[in-house]
Amino acid sequence: MEERFFKFDVLSKFPEVIHGISSRNYRNMSFYRGDQEKIAKNREYFLNEVGISINNIVVPEIVHGSKIVVVKKADIGRGAKSAETDIKGVDGLVTKDAGVGLMATVADCFAILSYDPVCRAVGLTHAGWRGIEGGVVANLIEAMESIGCQKDNILFSVGPGICQKHFVVRNDVLDKFLRRYPQATFVRNKDGYVDLRKAILSDFKDNHISSHNIEISTICPACQNGIFGSYRMEGDRVPTSAAVIGLKNF
Ligand SMILES: [Zn+2]
């Protein structure tokens, strides 16, 4: 890749959209641990390369839930340089306002980005197994619709995330996914595995999103641990990535 961060082919075709997902070269992006000032500097450096100022960023708290809310230009800066001011209790954000960069941190979990080129709105959510099982995909679609998007026009981009081979789960988690996404579960040597990509794609299908409108990365941070930080492989020392999307006019 030309850039040192991850970009989607589909979103790259729209000059009005800035987006990207940081690789481990950009170091840790989460305020969860470590020197807060250093993390803010890491973010600033990455965001400058993506083409947006850290002062234009809005960040959701990320509670491994499935709630998504609308943000506006008045919210810029929230959660950008400190977790104290982030948007509490939510995992995802949508906006119609240009000059607002939505940013979420991920390590093994998926970032799902959305863009409607017709109504010019963007969205972004963190999607871990709890969020997926809790309906975050449907909630992202609904949030985009709530600001005027038409389902047929929205493009969805699913970032790198844990593969089924690396996602061995507890029995209660397996049971949850067996009920809702039987085709995304596997049992090998008595261990249960979940394919979260399959679960996400099944939710898109159930919500009548055309496969032509979905781009999904096949990268797993555990398989390709030299590129992306993986919580499963590295635990609390993981350099958490940041995913960002916004409409230009900064
Ligand atoms: Zn893997």
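Residues numbered from 1 in each chain as written. Predicted model: local features only at pLDDT ≥ 70, side-chain atom pairs only at ≥ 80, totals over all residues.

(A) Main features of the overall build of the chain. What the chain contains, in helices and strands, is seven helices and 13 strands. Against the compact-globule benchmark of 18 Å for 250 residues, the chain has a radius of gyration of 17 Å, which places it among compact chains. With the C-alpha coordinates aligned to their principal axes, the bounding extent of the chain is approximately 50 × 40 × 35 Å. Every one of the 250 residues in the chain was classed for burial, and the buried ones make up 48%. (Helix = DSSP H or I, 4+ residues; strand = E, 2+ residues; numbered from the N terminus. Rg over C-alpha atoms; globule rule 2.2 N^0.38 Å. Buried ≥ 20, exposed ≤ 12 C-beta atoms within 10 Å, placed from the backbone.)

(B) Inspection of the sheet that holds strand β11 (residues 191–194) at higher detail. The sheet built from three strands is open, its strands ordered β9-β11-β10 with antiparallel pairing. The sheet is open, and its two edges are formed by β9 (168–169) and β10 (185–188), each paired on a single side. Contacting β9, β10 and β11, helix α5 (residues 171–180) runs over the sheet at an angle of about 50° to β11. (Pairing = 2+ DSSP bridges. Contact = placed C-beta atoms within 7 Å. Axes fitted to C-alpha atoms, helices over the stretch in contact; angles between N-to-C directions.)

(C) Focus on unusual backbone geometry. Phi is positive for His64, which is not a glycine, with a value near 55°. Relative to the assigned elements, His64 resides in the loop between β2 (57–58) and β3 (68–70). Residues other than glycine seldom take positive phi values, yet Asp108 does so here, at roughly 85°. If you trace the backbone, Asp108 turns up in the loop between β5 (101–106) and β6 (110–116).

(D) Representation of the pairing of strand β13 (residues 241–247). The buried fraction of β13 amounts to seven of the seven residues, a majority that puts the element mostly inside the structure. Side-chain alternation along β13 places Ser241, Ala243, Ile245 and Leu247 on one buried face and Ala242, Val244 and Gly246 on a second face that is also buried. Relative to β13, strand β1 (residues 17–21) runs antiparallel, the two sharing five bridges. Its bridge partner lying in β13, Gly20 is registered against Val244. The pairing of β5 with β13 spans six bridges and is antiparallel. Looking at the pairing, Ala104 lines up with Ala243 of β13.

(E) Here's a closer look at the sheet that holds strand β12 (residues 214–216). Across the sheet, which stays open at both edges, the six strands sit in the order β3-β4-β7-β6-β8-β12 with mixed pairing between neighbours. Since the sheet does not close on itself, it has two edges, and those belong to β3 and β12, each with one partner. Sheet twist, expressed as the mean angle between neighbouring strand axes with direction ignored, is 15°. Pairing between β6 and strand β8 (residues 155–158): four bridges, direction antiparallel. If you follow Ile112 over to β8, its bridge partner there is Val158.

(F) Looking closely at the environment of Cys223. Position of Cys223 among the secondary structure elements: in the loop between β12 and α7 (231–234). Residues Cys223 and Asn207 lie 16 residues apart in sequence; the distance between their C-alpha atoms is 30 Å. Here Cys223 is in contact with Cys163 and His166, once residues within four sequence places are set aside.

(G) Spatial organisation of helix α2 (residues 36–50). The terminal C-alpha atoms of α2 lie 21 Å apart, and with 15 residues this matches the ideal 21 Å at 1.5 Å per residue to within 8%. Among the residues of α2, those classed as buried are Ile39, Asn42, Arg43, Phe46, Leu47 and Val50. An end-on view of α2 places all buried positions within 125° of arc, on one side of the element. The exposed set on the far side of α2, more than 90 degrees from its buried face, consists of Glu37, Lys38 and Asn48. Those residues of α2 hidden inside the fold are in contact with β1, β2 and β13. Count one or two residues on from α2 and you reach Gly51, which has phi positive near 110°. (Expected span 1.5 Å × (residues − 1). Arc of directions from axis to C-beta.)

So far we have only geometry, and geometry alone does not tell us how the molecule works.
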